[in-house]
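Here are the chains, one letter per residue:
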Amino acid sequence: MDPQYHAEFLEKIGHTIKAHEGTLWFDTFSRAWITIPYDAMVDSATFDASHVLGDNGLMARYSCSLETGVHSFQQVITDKNYGMPTLVNKARNKTRQGLRNCTAGQLDPRDLGDAGVQLHADTLIRQGRRLPNDFASYWKNYFDAAAASPAATAWAAWHDGELAAYLLSFRAGSREYISIVRSSADKLKFRPNNAMLFTFLKWAMAREEISEVSIGLQSLQPGGESLDLFKRGLGFQERPIGQRIELRRSLRTALPRPVASIAAATLKYLPGGEKQARLTGALKWYASQPKLRPAA
(Lines give C-alpha, C1' and ligand atoms only; values in the text may rest on other atoms or scores of the structure.)
Protein backbone atom coordinates (compact mmCIF):
# COMPACT_ATOMS: atom_id res chain seq x y z
CA MET A 1 0.00 0.00 0.00
CA ASP A 2 1.32 3.42 -0.98
CA PRO A 3 2.71 5.60 1.89
CA GLN A 4 0.76 8.45 0.28
CA TYR A 5 -2.36 7.14 2.06
CA HIS A 6 -0.71 7.71 5.43
CA ALA A 7 0.43 11.15 4.26
CA GLU A 8 -3.16 12.04 3.32
CA PHE A 9 -4.32 10.99 6.79
CA LEU A 10 -1.67 13.20 8.41
CA GLU A 11 -2.78 16.16 6.27
CA LYS A 12 -6.37 15.68 7.44
CA ILE A 13 -5.31 16.01 11.08
CA GLY A 14 -3.32 19.20 10.44
CA HIS A 15 0.21 18.20 9.44
CA THR A 16 2.13 19.55 6.46
CA ILE A 17 3.54 17.07 3.94
CA LYS A 18 6.60 17.52 1.73
CA ALA A 19 8.11 15.26 -0.91
CA HIS A 20 11.85 15.29 -1.63
CA GLU A 21 13.72 12.87 -3.89
CA GLY A 22 11.05 10.19 -3.61
CA THR A 23 10.68 10.40 0.18
CA LEU A 24 7.67 11.87 2.02
CA TRP A 25 8.17 14.02 5.13
CA PHE A 26 5.82 15.53 7.72
CA ASP A 27 6.15 18.05 10.53
CA THR A 28 5.99 15.71 13.50
CA PHE A 29 5.86 18.72 15.83
CA SER A 30 6.58 22.41 15.46
CA ARG A 31 9.44 22.98 12.97
CA ALA A 32 10.71 19.39 13.18
CA TRP A 33 10.39 16.88 10.33
CA ILE A 34 10.49 13.10 9.96
CA THR A 35 9.98 10.68 7.07
CA ILE A 36 6.84 8.72 6.14
CA PRO A 37 7.24 5.92 7.07
CA TYR A 38 9.76 6.63 9.81
CA ASP A 39 12.13 3.85 8.67
CA ALA A 40 12.45 5.16 5.10
CA MET A 41 16.19 5.06 4.43
CA VAL A 42 17.82 8.35 3.45
CA ASP A 43 21.30 8.64 1.94
CA SER A 44 23.13 10.94 4.36
CA ALA A 45 25.89 11.63 1.85
CA THR A 46 23.54 13.27 -0.66
CA PHE A 47 20.67 14.52 1.51
CA ASP A 48 20.30 18.30 1.63
CA ALA A 49 18.09 19.08 4.62
CA SER A 50 17.37 22.61 3.41
CA HIS A 51 14.92 21.21 0.84
CA VAL A 52 12.82 19.73 3.66
CA LEU A 53 13.32 22.39 6.33
CA GLY A 54 12.39 25.24 4.01
CA ASP A 55 12.22 28.75 5.45
CA ASN A 56 11.45 27.97 9.08
CA GLY A 57 12.20 24.30 9.82
CA LEU A 58 14.77 23.62 12.51
CA MET A 59 15.42 19.88 12.50
CA ALA A 60 15.03 16.80 10.30
CA ARG A 61 15.27 13.28 11.72
CA TYR A 62 15.64 10.23 9.52
CA SER A 63 16.84 6.65 9.28
CA CYS A 64 20.16 5.94 7.59
CA SER A 65 22.99 3.43 7.44
CA LEU A 66 24.70 2.45 10.68
CA GLU A 67 27.93 3.98 9.38
CA THR A 68 26.47 7.47 8.98
CA GLY A 69 24.13 7.71 11.98
CA VAL A 70 23.77 7.13 15.68
CA HIS A 71 23.59 3.37 16.29
CA SER A 72 19.96 2.74 17.10
CA PHE A 73 17.21 0.18 16.51
CA GLN A 74 13.78 -0.39 15.04
CA GLN A 75 11.34 -2.66 16.90
CA VAL A 76 9.85 -5.24 14.53
CA ILE A 77 7.98 -8.54 14.35
CA THR A 78 8.99 -10.67 11.35
CA ASP A 79 7.83 -14.14 12.45
CA LYS A 80 5.14 -15.26 9.98
CA ASN A 81 4.19 -18.00 12.48
CA TYR A 82 3.74 -15.49 15.30
CA GLY A 83 2.02 -17.02 18.32
CA MET A 84 2.51 -17.91 21.97
CA PRO A 85 5.90 -19.61 21.36
CA THR A 86 7.21 -16.25 20.05
CA LEU A 87 6.75 -14.62 23.46
CA VAL A 88 9.17 -14.84 26.38
CA ASN A 89 7.90 -16.82 29.38
CA LYS A 90 6.84 -13.92 31.62
CA ALA A 91 5.05 -12.12 28.78
CA ARG A 92 3.39 -15.41 27.75
CA ASN A 93 1.84 -15.76 31.21
CA LYS A 94 0.63 -12.15 31.24
CA THR A 95 -0.78 -12.50 27.73
CA ARG A 96 -2.73 -15.60 28.72
CA GLN A 97 -4.13 -13.60 31.66
CA GLY A 98 -5.09 -10.81 29.28
CA LEU A 99 -6.85 -13.21 26.92
CA ARG A 100 -8.81 -14.69 29.82
CA ASN A 101 -9.81 -11.28 31.15
CA CYS A 102 -10.44 -9.40 27.90
CA THR A 103 -11.85 -9.74 24.43
CA ALA A 104 -9.86 -8.22 21.57
CA GLY A 105 -10.42 -7.47 17.92
CA GLN A 106 -10.76 -4.96 15.11
CA LEU A 107 -13.12 -1.97 15.21
CA ASP A 108 -14.01 1.16 13.29
CA PRO A 109 -11.83 4.01 14.66
CA ARG A 110 -14.95 6.23 14.89
CA ASP A 111 -16.36 3.83 17.48
CA LEU A 112 -13.55 4.75 19.88
CA GLY A 113 -15.40 8.00 20.59
CA ASP A 114 -15.29 9.51 24.08
CA ALA A 115 -13.86 6.33 25.58
CA GLY A 116 -10.92 6.48 23.16
CA VAL A 117 -10.27 10.10 24.06
CA GLN A 118 -10.33 9.23 27.77
CA LEU A 119 -7.88 6.34 27.33
CA HIS A 120 -5.56 8.63 25.42
CA ALA A 121 -5.75 11.16 28.26
CA ASP A 122 -5.07 8.41 30.84
CA THR A 123 -1.95 7.35 28.96
CA LEU A 124 -0.54 10.87 28.58
CA ILE A 125 -1.17 11.66 32.25
CA ARG A 126 0.68 8.47 33.30
CA GLN A 127 3.58 9.64 31.13
CA GLY A 128 3.61 13.07 32.82
CA ARG A 129 2.47 14.89 29.66
CA ARG A 130 0.06 17.82 29.46
CA LEU A 131 -3.31 17.78 27.73
CA PRO A 132 -3.82 20.68 25.27
CA ASN A 133 -7.04 22.71 25.28
CA ASP A 134 -8.29 21.18 22.02
CA PHE A 135 -7.48 17.64 23.15
CA ALA A 136 -10.94 16.04 22.76
CA SER A 137 -11.78 17.65 19.42
CA TYR A 138 -8.34 16.83 18.00
CA TRP A 139 -8.61 13.13 18.83
CA LYS A 140 -12.18 12.76 17.59
CA ASN A 141 -11.01 14.28 14.31
CA TYR A 142 -8.06 11.84 14.40
CA PHE A 143 -10.43 8.88 14.74
CA ASP A 144 -12.66 10.16 11.91
CA ALA A 145 -9.64 10.64 9.61
CA ALA A 146 -8.34 7.16 10.46
CA ALA A 147 -11.74 5.64 9.66
CA ALA A 148 -11.59 7.24 6.19
CA SER A 149 -8.03 6.04 5.49
CA PRO A 150 -7.54 2.75 3.60
CA ALA A 151 -4.14 2.44 5.29
CA ALA A 152 -5.43 2.50 8.88
CA THR A 153 -6.43 -0.38 11.14
CA ALA A 154 -7.82 0.02 14.65
CA TRP A 155 -7.66 -2.80 17.20
CA ALA A 156 -8.89 -2.83 20.78
CA ALA A 157 -9.37 -4.85 23.96
CA TRP A 158 -12.47 -4.71 26.15
CA HIS A 159 -12.90 -5.76 29.77
CA ASP A 160 -16.46 -6.35 31.04
CA GLY A 161 -17.75 -4.59 27.93
CA GLU A 162 -15.68 -1.44 28.53
CA LEU A 163 -12.85 -0.21 26.30
CA ALA A 164 -9.59 -1.07 28.06
CA ALA A 165 -6.95 -0.48 25.35
CA TYR A 166 -6.64 0.35 21.67
CA LEU A 167 -4.06 0.82 18.95
CA LEU A 168 -3.95 2.37 15.51
CA SER A 169 -1.69 1.00 12.79
CA PHE A 170 -0.94 2.29 9.30
CA ARG A 171 0.17 0.12 6.42
CA ALA A 172 2.85 1.13 3.92
CA GLY A 173 3.99 -1.40 1.35
CA SER A 174 3.98 -4.81 3.02
CA ARG A 175 4.53 -3.43 6.53
CA GLU A 176 2.21 -2.43 9.34
CA TYR A 177 3.36 0.50 11.47
CA ILE A 178 1.75 0.71 14.91
CA SER A 179 1.33 4.42 15.50
CA ILE A 180 -0.31 4.72 18.92
CA VAL A 181 -1.12 2.37 21.81
CA ARG A 182 -3.40 3.70 24.55
CA SER A 183 -4.92 2.06 27.62
CA SER A 184 -7.03 2.66 30.71
CA ALA A 185 -5.13 3.17 33.93
CA ASP A 186 -7.85 1.34 35.88
CA LYS A 187 -7.79 -1.67 33.54
CA LEU A 188 -4.02 -2.28 33.31
CA LYS A 189 -4.17 -5.03 35.94
CA PHE A 190 -6.29 -7.09 33.52
CA ARG A 191 -3.47 -7.05 30.89
CA PRO A 192 -5.49 -5.51 28.02
CA ASN A 193 -2.35 -4.35 26.19
CA ASN A 194 -1.03 -7.91 26.09
CA ALA A 195 -4.33 -9.29 24.78
CA MET A 196 -4.72 -6.53 22.21
CA LEU A 197 -1.17 -6.52 20.84
CA PHE A 198 -0.91 -10.30 20.76
CA THR A 199 -4.14 -10.77 18.81
CA PHE A 200 -3.32 -7.91 16.44
CA LEU A 201 0.18 -9.21 15.74
CA LYS A 202 -1.07 -12.76 15.19
CA TRP A 203 -3.76 -11.47 12.79
CA ALA A 204 -1.37 -9.19 10.89
CA MET A 205 1.45 -11.70 10.48
CA ALA A 206 -0.97 -14.37 9.25
CA ARG A 207 -1.90 -12.16 6.31
CA GLU A 208 -0.05 -13.09 3.13
CA GLU A 209 0.50 -9.45 2.12
CA ILE A 210 2.18 -8.45 5.43
CA SER A 211 5.91 -9.11 5.86
CA GLU A 212 6.43 -7.41 9.23
CA VAL A 213 4.96 -5.17 11.91
CA SER A 214 6.94 -2.25 13.36
CA ILE A 215 6.17 -0.42 16.58
CA GLY A 216 8.74 2.35 16.25
CA LEU A 217 12.34 3.44 16.35
CA GLN A 218 14.41 3.91 19.47
CA SER A 219 13.09 7.04 21.12
CA LEU A 220 15.04 10.27 21.35
CA GLN A 221 13.81 10.56 24.93
CA PRO A 222 15.46 8.66 27.79
CA GLY A 223 13.47 6.56 30.23
CA GLY A 224 11.83 4.12 27.82
CA GLU A 225 13.63 1.02 29.08
CA SER A 226 10.55 -0.59 30.72
CA LEU A 227 8.46 -0.06 27.58
CA ASP A 228 11.21 -1.56 25.41
CA LEU A 229 11.31 -4.57 27.76
CA PHE A 230 7.53 -5.00 27.38
CA LYS A 231 7.85 -4.98 23.59
CA ARG A 232 10.70 -7.51 23.64
CA GLY A 233 8.55 -9.77 25.79
CA LEU A 234 5.86 -9.77 23.10
CA GLY A 235 8.39 -10.86 20.50
CA PHE A 236 9.57 -7.57 19.03
CA GLN A 237 13.17 -7.71 17.86
CA GLU A 238 15.48 -4.71 17.85
CA ARG A 239 16.78 -4.42 14.31
CA PRO A 240 19.96 -2.28 14.12
CA ILE A 241 19.44 0.95 12.22
CA GLY A 242 21.15 4.33 12.03
CA GLN A 243 19.34 7.53 12.95
CA ARG A 244 20.51 11.01 12.12
CA ILE A 245 19.56 14.57 13.06
CA GLU A 246 20.15 17.44 10.62
CA LEU A 247 19.81 21.06 11.75
CA ARG A 248 19.20 24.09 9.53
CA ARG A 249 22.44 25.69 8.38
CA SER A 250 22.20 28.81 10.55
CA LEU A 251 21.55 26.68 13.63
CA ARG A 252 24.53 24.42 12.83
CA THR A 253 26.74 27.50 12.75
CA ALA A 254 25.39 28.85 16.03
CA LEU A 255 25.39 25.44 17.71
CA PRO A 256 28.59 23.47 17.05
CA ARG A 257 28.67 19.93 18.40
CA PRO A 258 30.42 20.67 21.73
CA VAL A 259 27.91 23.43 22.45
CA ALA A 260 25.01 21.13 21.48
CA SER A 261 26.30 18.54 23.94
CA ILE A 262 26.45 21.12 26.75
CA ALA A 263 22.98 22.42 25.86
CA ALA A 264 21.55 18.89 26.00
CA ALA A 265 23.13 18.29 29.40
CA THR A 266 21.70 21.57 30.70
CA LEU A 267 18.18 21.11 29.28
CA LYS A 268 17.92 17.71 30.91
CA TYR A 269 17.66 19.33 34.34
CA LEU A 270 15.14 22.04 33.44
CA PRO A 271 11.33 21.60 33.59
CA GLY A 272 9.63 21.73 30.21
CA GLY A 273 7.68 18.61 29.33
CA GLU A 274 7.68 16.37 26.28
CA LYS A 275 8.96 18.87 23.70
CA GLN A 276 11.93 19.73 25.86
CA ALA A 277 12.69 16.03 26.40
CA ARG A 278 12.64 15.49 22.62
CA LEU A 279 14.86 18.52 22.06
CA THR A 280 17.30 17.29 24.71
CA GLY A 281 17.51 13.88 23.04
CA ALA A 282 17.87 15.41 19.57
CA LEU A 283 20.74 17.66 20.66
CA LYS A 284 22.48 14.76 22.40
CA TRP A 285 22.21 12.58 19.28
CA TYR A 286 23.27 15.43 17.01
CA ALA A 287 26.39 16.01 19.11
CA SER A 288 27.38 12.33 19.02
CA GLN A 289 26.54 11.31 15.43
CA PRO A 290 29.37 10.69 12.93
CA LYS A 291 30.65 13.60 10.92
CA LEU A 292 30.02 13.18 7.22
CA ARG A 293 32.73 13.49 4.64
CA PRO A 294 32.05 16.16 2.01
CA ALA A 295 30.63 14.71 -1.19
CA ALA A 296 33.23 14.29 -3.91
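This structure is a prediction, so every number in the text was calculated from the model and none was measured. (Residues numbered from 1 in each chain as written. Predicted model: local features only at pLDDT ≥ 70, side-chain atom pairs only at ≥ 80, totals over all residues. Heavy atoms only, no water.)

(A) Geometry of the packing of helix 3 (residues 89–101) against helix 6 (residues 192–205). For the pair helix 3 and helix 6, interaxial distance at closest approach is 7 Å and the crossing angle is 95°. Judged by the angle between their axes, helix 3 and helix 6 are roughly perpendicular. Residue-level inspection shows Ala91, Lys94, Thr95, Gly98 and Leu99 of helix 3 in contact with helix 6, the latter providing Asn194, Ala195, Phe198 and Thr199. Across the contact of helix 3 with helix 6, the residue classes tally to four nonpolar, four polar and one charged. (Axes fitted to C-alpha atoms, helices over the stretch in contact; angles between N-to-C directions. Helix = DSSP H or I, 4+ residues; strand = E, 2+ residues; numbered from the N terminus. Parallel < 35°, antiparallel > 145°, perpendicular 65-115°, else oblique. Contact = heavy atoms within 4.5 Å. Nonpolar A, V, L, I, M, F, W, Y, C, P; charged D, E, K, R; others polar.)

(B) Representation of the packing of aromatic side chains within the structure. Going through the model one piece at a time under the given rule, you end up with 16 aromatic pairs. Judged by centre distance (5.0 Å) and plane angle (85°), the ring pair of phenylalanine 9 and tyrosine 142 falls under edge-to-face. Of the two residues, phenylalanine 9 is situated in helix 1 (residues 4–12) and tyrosine 142 in helix 5 (residues 135–148); the sequence distance between them amounts to 133 residues. By relative accessible area, which is 4% here, tyrosine 142 ends up buried. Ring centres of tyrosine 138 and tyrosine 142 lie 6.4 Å apart, and the angle between their planes is 50°; on these two criteria the pair is classed as tilted. With a gap of four residues between them, tyrosine 138 and tyrosine 142 both fall in helix 5, about one helical turn apart. Within the aromatic cluster, the residues linked to one another by ring pairs are Phe9, Tyr138, Trp139, Tyr142, Phe143, Tyr166 and Phe170. A cation over a ring is seen here: arginine 257 above tyrosine 286, with NZ or CZ 5.5 Å from the ring centre. (Phe/Tyr/Trp six-rings, centres within 6.5 Å; stacked < 30°, edge-to-face > 60°. Buried < 20%, exposed > 50% of the residue type's maximum accessible area, 1.4 Å probe, protein only. Lys NZ or Arg CZ within 6 Å of the ring centre and 35° of its normal.)

(C) Inspection of helix 1 at higher detail. Taken as a whole, helix 1 has its buried residues at His6, Ala7, Phe9 and Leu10. Looking straight down helix 1, one finds its buried side chains confined to an arc of 160°; they lie on one side. Buried residues along helix 1 sit in contact with strand 1 (17–20), strand 2 (23–29), strand 3 (32–36), helix 5 and strand 8 (162–172). (Arc of directions from axis to C-beta.)

(D) The arrangement of empty space enclosed by the protein in detail. Using the criterion set out here, one finds one cavity of 30 Å³ or more in the structure. Taken as a whole, the largest cavity spans an internal volume of roughly 40 Å³. Around the largest cavity, the lining residues are His6, Ile36, Pro37, Phe170, Arg171, Ala172 and Tyr177. Broken down by class, the residue content of the lining of the largest cavity amounts to five nonpolar, one polar and one charged. (1 Å grid on protein atoms, 1.4 Å probe; cavity = no way out; pocket = protein on both sides within 12 Å on 5 of 7 lines; lining within 4 Å. Points joined across faces, edges and corners; volume = space filled by probe spheres on them.)

(E) Highlighting the nonpolar core. In this structure, Phe9, Tyr142, Phe143, Tyr166 and Leu168 are the most contacted members of the largest nonpolar core, which totals 35 residues. Here this core takes six residues from helix 5, the largest share from any one element. Apart from residues lying up to four places away in sequence, leucine 168 is in contact with Pro109, Tyr142, Phe143, Ala146, Thr153, Ala154, Tyr177, Ile178, Ser179 and Ile180. In this structure, Tyr82, Phe200, Ala204 and Ile215 belong to the second largest nonpolar core, which totals 23 residues. (Core = buried A, V, L, I, M, F, W, Y, C linked by side-chain atoms within 4.5 Å.)

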